[in-house]
Structure formats: C-alpha cells, structure tokens
Protein chains: 2
Amino acid sequence: MKTISSRDNPRFKRLRKWATQHRARRDDGVILLDGLHLIEALAAAGGELQELVLSESGAGRPEIAAWVAAHAGIELLQFPDAMFGEVAATDTPSGILAVAKVPPQPAPRADVDCLLLDGVQDPGNVGTLLRTAAAAGVRQALLGPGCADAWAPKTLRAGQGAQFLLSIHENADLAGFLGGYRGTGVVTRLDAARSLYETPLDGPLAWVFGAEGQGVSAPVAQAAKLGVFIPMPGGTESLNVAAAAAVCLFEVVRRRGG
Amino acid sequence: MKTISSRDNPRFKRLRKWATQHRARRDDGVILLDGLHLIEALAAAGGELQELVLSESGAGRPEIAAWVAAHAGIELLQFPDAMFGEVAATDTPSGILAVAKVPPQPAPRADVDCLLLDGVQDPGNVGTLLRTAAAAGVRQALLGPGCADAWAPKTLRAGQGAQFLLSIHENADLAGFLGGYRGTGVVTRLDAARSLYETPLDGPLAWVFGAEGQGVSAPVAQAAKLGVFIPMPGGTESLNVAAAAAVCLFEVVRRRGG
C-alpha cells in the first residue's frame with residue numbers, strides 16, 4: 001500500500017482529473033467504481049481492476065480491509081479522507097474506489113432482445129433503465145447520441161452493476177440498427193392503436209424509449225415497426241421513462257413464463 | 001407586478017428561507033412549484049396559488065407571459081435572474097415559481113388501493129413512486145417516518161403533479177394502518193413462495209415498498225399479509241424501488257382490464 005498525502009502527486013492529480021472531467025475519463029477509456037458493491041459486480045463479471053484507492057477511514061472498516069486482503073496483487077493507494085473526497089464519485093464517500101477499463105463490447109447483434117435509448121439525458125434514468133433491462137434478462141443496450149454516458153459515476157451507481165452484464169453501444173445509430181433488426185422494434189406511444197396488454201409480442205424485441213418530454217425522435221420511432229400504449233387508468237398521461245420501461249420489459253417476462 | 005431587487009427585501013428573504021431550509025418550509029405548510037407544468041397541475045387539481053414569482057428573463061418568455069396574463073389576481077413578484085436563481089428549486093430555473101399551501105388531506109381510508117412507502121429516503125424515488133401510483137389509478141399514499149418529504153421541490157419535480165392527485169399521509173404508522181386495512185397488504189420479497197404473476201390479487205390492495213438495501217422493516221412486512229416475488233430471469237436480484245413498484249402496480253392495471 002502506498003500512502004499519498006500531497007495534492008501534487010501525479011497519481012492523485014490523474015484520479016482527480018478523471019473524477020471531475022467526464023471527457024478526460026472517456027478519452028482514457030476508464031471507469032471509476034465507488035464502493036464495494038460496484039467493485040464486486042465488476043469482479044463477478046470477470047472485469048479487471050487496475051488500481052484500488054482507500055480513504056484513511058475506509059482502510060479501517062472491517063469489510064473493506066477484508067476485501068482488500070482477499071484481493072492482493074491489485075495496486076493499492078491510500079489518501080487522507082479530505083483528498084479521497086475530492087476523487088470520490090458520491091457525496092457520501094464509501095471509502096474505497098477502483099479504477100478499471102471500460103469493458104470491451106462485442107459488435108451489436110441483430111437477433112437478440114435489446115433496449116434502445118434515444119436522448120435519455122439523465123444519468124440516473126439511464127442507469128435505472130440498464131438495471132431494469134439486466135433484471136429482465138435483456139443483454140444488449142444501444143444508446144443514441146445525446147444519452148447520458150453509460151459509464152459515468154452517477155450512471156454506474158444507478159445501474160448497480162448492470163453495466164457489466166450488458167453489451168452497451170454508445171453513440172449508436174438507432175434508426176439504422178432498427179432497419180437491420182431481425183426481430184420487432186417496439187415504441188410506446190400515447191396514440192398507438194393497441195395497448196401493451198393486447199399486442200402480440202413474439203420473437204426478439206428491441207424496445208425504444210426516449211427522453212421525457214420530447215419522447216422518441218421521429219426517424220427512430222418510424223424505424224420501430226410496432227407502437228403500443230401503456231394504459232393509465234389514473235388519467236395522467238405519463239410515466240417516468242424508467243417506470244415505463246419496467247412495465248414493458250416485465251410484461252415480456254410475464255408472457256415468457258416469469 | 002412588484003419588482004424586487006434588494007436581497008434585504010423581506011419577501012425575498014422569506015422565499016429564500018423556504019427554498020433552502022426544508023424545516024422552515026414544512027413548518028409553514030408551504031410548497032414551492034418550479035415551472036409552468038407543476039403550477040398548471042396544481043391549478044387543474046383545484047389548488048390555490050398564493051404568490052407567483054418571475055425572473056426577469058422568465059417574464060419575457062411568451063408562454064410564461066401568456067399564463068400570467070390569463071391568471072390575473074394572483075400576487076406577482078419579479079426578481080432579477082441572479083436573485084431568482086437563489087430561490088428556484090432547480091439548477092436550470094424555469095423562470096416562474098409559485099408558492100402554495102400543502103393541500104389539506106382527508107383521513108386515510110382503509111378500503112381503497114394504496115401505496116405504502118417505508119423508509120424510501122431519495123426524493124426522486126418518492127416522486128417517481130407517487131407518479132407511477134397516480135398513473136395506475138391509485139389515489140392514496142402513506143409514507144412512514146424516514147421517507148423523503150413528499151412536498152419538497154425535488155420530490156414535486158419527480159412527481160410531475162402526482163402529489164395533487166393523491167391523498168398523501170406522511171409520518172404514517174404503516175403497520176398500524178395495515179392492521180386495520182380491509183383489503184390485502186402486499187410486499188415484494190425475494191423469498192416469497194409465489195411470483196407476482198401466479199398470485200391472485202383481488203379487492204383493494206395496499207402495496208408496500210421499502211428502502212433500497214434495507215427493504216421493508218420487519219414489523220411492516222409482517223403486517224402485510226401477502227408476499228410475492230418479481231421473477232428476474234436476468235439473474236440479478238434487485239430492481240430500483242420505483243421500477244419494482246411500476247411492475248407490480250401495472251400488473252394490477254393489466255388484470256383489471258388495462
């Protein structure tokens with residue numbers, strides 16, 4: 001373990017740059033995992049940790065100390081709590097942070113269930129959507145331009161490890177993908193002719209969800225062949241995008257026998 | 001319209017106190033509605049606005065100017081943009097803010113569908129849960145101690161007006177309510193014997209959701225007579241609490257004929 005207590009240390013400066021500048025982190029292809037839960041999720045998915053950083057108080061917590069002891073061989077740094085707070089991804093630092101590479105993504109497949117996000121800007125929503133998709137058994141996600149970064153600290157936190165279970169394609173051409181998709185593209189629309197519950201949903205499905213307010217952009221909506229509406233007996237006309245996706249993806253889980 | 005440009009003005013100071021001190025806002029029984037969407041939602045539900053505040057640039061926006069012109073008779077203040085930013089509830093101020101009283105809530109009923117939240121601390125989750133419940137036709141919510149404030153600006157924003165469609169009971173005794181409930185209390189549990197999709201769900205239902213991580217506390221879970229699990233074919237063991245609620249509440253929508 002190497003203890004660093006100077007803010008001029010290049011390792012500290014590099015971490016702080018990744019923590020505070022999205023672009024630098026993206027350009028370097030790096031992700032920051034805050035807390036044991038995310039770190040364990042990456043390890044369980046076979047991902048490799050490059051570096052572990054502990055805060056002084058984190059190093060004293062039994063569950064963190066035990067985890068670190070069981071994973072010798074990973075480079076280990078320790079910062080005073082105040083410096084750790086400057087590189088931590090959350091307001092309530094967990095005491096342990098890991099640096100890893102963005103996992104390599106296989107080419108997108110045109111014959112499996114997938115989640116397509118069009119302009120979903122909020123990192124919490126994107127993370128929750130990926131988490132819901134992973135729970136429902138979906139294993140591929142495509143994010144169009146304008147979506148929140150799937151690998152940003154806030155998105156990772158909301159995803160709770162889902163990112164490591166999915167193949168994720170950012171800056172994707174959603175309309176182009178749907179054009180060559182060998183299943184059915186589905187979009188939720190208030191003016192659709194049939195409800196989710198009355199519509200046959202067979203074969204691989206590509207579910208498209210858009211930004212709140214704007215919805216799915218016209219070219220993407222047109223490329224999705226099937227439109228359905230979610231009945232809302234309460235008389236309101238909208239659901240949070242992640243709630244709408246949960247309703248749709250788990251209707252498929254139900255039909256496939258739960 | 002009264003233009004205020006001094007930070008020493010008592011109206012400005014009172015608004016800033018409400019915007020920055022949850023407790024002062026709660027004690028005064030006041031809510032702050034940021035943006036036309038929430039303001040219109042309250043008006044549509046028959047609520048009364050006490051005061052409207054515009055930013056200088058907000059006053060120049062046609063949709064805000066038109067709305068204000070159509071609602072003469074409400075006391076109107078205007079602040080310079082910088083001062084408006086200090087009382088606005090969001091990082092990207094909409095340009096219009098309204099002050100209203102927390103709507104009066106009728107006594108909770110023991111014979112209608114309801115949503116019970118146990119220790120859900122995140123205001124975004126609480127707002128999304130209320131929004132999902134409202135869309136599904138649920139009209140009563142009980143929030144136990146430890147939940148986020150249903151009327152805080154962040155919760156209102158996530159609720160998108162749902163708060164004005166529901167009767168909401170905060171600091172509620174959830175186990176006590178379930179003890180006298182004349183329908184079925186339902187809780188989601190990983191170790192439940194039957195899946196959501198295989199369980200009869202008749203009559204009024206009181207759905208209980210707990211904090212992420214901790215889940216529903218033991219006395220509340222025991223008071224809910226029925227336990228169900230949500231099948232997760234993806235192999236993960238959790239959903240965001242608002243996603244789980246969307247799955248459950250819309251399964252009921254489906255069974256009742258969408």
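Cut-offs applied
- Every chain is numbered independently, its residues counted from 1 as its sequence is written.
- Going through the entries in the order they are written, you letter the chains from A and number the ligands from 1.
- Given that the model is predicted, a residue must reach a pLDDT of at least 70 before its local features are reported, and side-chain atom pairs must reach 80 or more before they are shown or counted; all residues, however, enter totals for whole chains, interfaces and linings.
- Hydrogens and waters are ignored; side-chain quantities use all the structure's heavy atoms.
- Here a helix means four or more residues in a row that DSSP labels H or I, a strand means two or more in a row labelled E, and each is numbered from the N terminus.
- Relative accessibility under 20% of the residue-type maximum defines a buried residue, over 50% an exposed one, and the middle range a partly exposed one, all with a 1.4 Å probe and only protein chains included.
- Using the Shrake-Rupley algorithm and a 1.4 Å probe, accessible areas are obtained, with residue cover drawn only from the displayed protein chains.
- Whether two strands pair comes down to DSSP finding at least two bridges between them.
- Any two residues whose heavy atoms approach within 4.5 Å are treated as being in contact.
- Whenever a helix is involved, its axis is fitted only over the stretch in contact; in every case the axis is a line through C-alpha atoms, and angles between N-to-C directions fall within 0 to 180 degrees.
- A least-squares superposition brings the copies together, and it is based on the C-alpha atoms of residues with pLDDT no lower than 70 in both.
- Between rings of Phe, Tyr and Trp, where Trp is taken as its six-membered ring, a pair exists when centres lie within 6.5 Å; planes separated by under 30 degrees are stacked, by over 60 edge-to-face, and by other angles tilted.
- Looking down the strands as they point away from the viewer, one classifies a crossover as right-handed if the path from the first strand across the helix to the second runs clockwise.

Things to note about the overall build of chain A
Of the regular secondary structure elements, chain A holds 11 helices and 11 strands. In terms of principal-axis extent, the alpha carbons of chain A reach across some 65 × 40 × 35 Å. Counting over 258 residues, chain A shows a buried share of 53%. When the accessible surface of chain A is totalled, it reaches about 11,000 Å², and 49% of it is carbon and sulfur.

Some words on the sheet that holds strand 2 (residues 30-34) of chain A
Residues and elements named next belong to chain A. What the 5 strands build is an open sheet, ordered 1-4-3-5-2; its pairing is mixed. Pairing within the sheet leaves two strands with one partner each, and these edge strands are strand 1 (2-3) and strand 2. Summarising the sheet, strand 3 (residues 49-55) and strand 4 (residues 75-79) pair through 5 bridges and their orientation is parallel. Residue pairing for strand 4: L52 is matched across the bridge by L76. Sheet strands touched by helix 5 (residues 62-70): strand 3, strand 4 and strand 5 (96-101). Its angle to strand 3, the strand with the most contacts, is close to 150°.

With respect to the relation of the copies chain B and chain A
Between chain B and chain A, the superposition needs a rotation of 180° and an axial shift of 0.0 Å, giving an RMSD of 0.0 Å. Here the transformation between the copies is reduced to the relation of a two-fold axis. When the interface residues of chain B are mapped onto chain A, 100% of them again fall at the interface, so both copies present the same face.

Describing the packing of aromatic side chains
Applying the stated criterion across every chain, the model contains 8 aromatic pairs over all chains. With a centroid separation of 5.5 Å and an interplanar angle of 40°, the aromatic rings of F177 of chain A and Y181 of chain A are classed as tilted.

A few points about helix 3 (residues 36-44) of chain A
All names here are of chain A. Buried residues of helix 3: L36, L38, I39, A41 and L42, and no others. Where helix 3 is buried, its residues contact strand 2, strand 3, helix 5, strand 5 and helix 8 (153-159). Looking at the residues trailing helix 3, positive phi occurs at G46, about 85°.

Describing the pairing of strand 6 (residues 114-118) of chain B
The buried fraction of strand 6 of chain B amounts to 5 of the 5 residues, a majority that puts the element mostly inside the structure. What joins strand 6 of chain B to strand 7 (residues 140-143) of chain B is helix 7 (residues 123-135) of chain B, and the crossover it makes is right-handed.

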